[in-house]
Amino acid sequence: LSVDSINTADLKELLKIYTWIKISTFSAQADNNAWLLVQHADRDPVFQKDVLGILDKLWKERETSPKNYAYLFDRVACSSNDPAQRTLQRYGTQGTCTGPGTWQPLPVEDPPHLDDRRATVGLGTEADYIKLFKDLCH
């Protein structure tokens, strides 16, 4: 088993005891570490979707990072191997390199209001986000 698989299994055991690794109980760093495991558990989309349901309430209470909630929302929306099962992402965090120095988000809901939604979770503009990929896309 990979380290990620072991850590994800451990997190699943913790989530049998605690609703989530809440900021007020554990710390913002612990919340972020737990989220990272979930965000990258792409081989377990059911787990990702279950945690998204938990974080949907907690981000509004500031018990998890609103940004992390947004990233997981989009990851779940876009992650299905079957394109027919994918849904529109809400925050424009998931995308693909479309050429050297260019990145494009996968389809988003209500594109004219994307930056407004991003702002509600503490994300910068989509244009600034796209610029981050300038040197990452080859």
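Rules used throughout
Residues numbered from 1 in each chain as written. Predicted model: local features only at pLDDT ≥ 70, side-chain atom pairs only at ≥ 80, totals over all residues. Heavy atoms only, no water. pLDDT = per-residue confidence, 0-100. Helix = DSSP H or I, 4+ residues; strand = E, 2+ residues; numbered from the N terminus. Salt bridge = Lys/Arg side-chain N within 4 Å of Asp/Glu carboxyl O. Buried < 20%, exposed > 50% of the residue type's maximum accessible area, 1.4 Å probe, protein only. Axes fitted to C-alpha atoms, helices over the stretch in contact; angles between N-to-C directions. Left-handed = near helix turned anticlockwise from the far one by under 90°. Contact = heavy atoms within 4.5 Å. Nonpolar A, V, L, I, M, F, W, Y, C, P; charged D, E, K, R; others polar. Lys, Arg positive; Asp, Glu negative; His and termini not counted.

On to the confidence of the model for the protein chain, then. Scored by pLDDT, the protein chain has a mean of 95; 99% of the residues are at 70 or more. Averaged pLDDT values for the elements of the protein chain fall to 92 in helix α1 (residues 3–14) and rise to 98 in helix α5 (residues 114–120).

Applying the stated criterion to the full structure yields ten salt bridges. Where R118 meets E126, a salt bridge forms, and the shortest distance between an N and an O atom there is 2.9 Å. With relative accessibility at 2%, the residue R118 sits in the buried group. When the shortest N-O distance is used, the salt bridge between K134 and D135 registers 3.1 Å. Residue D135 is classed as exposed on the basis of its relative accessible area, which comes to 54%.

Once that is clear, we can look at the environment of G122. Along the polypeptide, G122 turns up in the loop between α5 and α6 (126–131). Assessed through its relative accessible area of 41%, G122 is described here as partly exposed.

Here we take up the packing of helix α3 (residues 45–58) against helix α4 (residues 66–78). Closest axis-to-axis distance for the α3/α4 pair is 10 Å, and the angle between their directions is 145°. Every pair of crossing elements has a handedness; the one defined by α3 and α4 is left-handed. Mapping the contact onto sequence places Q48, K49, V51, L52, L55 and D56 in α3 and Y69, L72, F73, R75 and V76 in α4. Each residue belonging to the contact of α3 with α4 can be placed in one class, and the counts come to seven nonpolar, one polar and three charged.

Turning our eyes to something else, we now look at the side chain of D31. By secondary structure assignment, the location of D31 is in helix α2 (residues 28–39). Despite being buried, D31 has no salt bridge partner; R62 is the closest side chain of opposite charge, sitting 10.0 Å away. What D31 contacts, discounting residues up to four positions off in sequence, is W20, I21, I23, E63, T64, S65 and N68.

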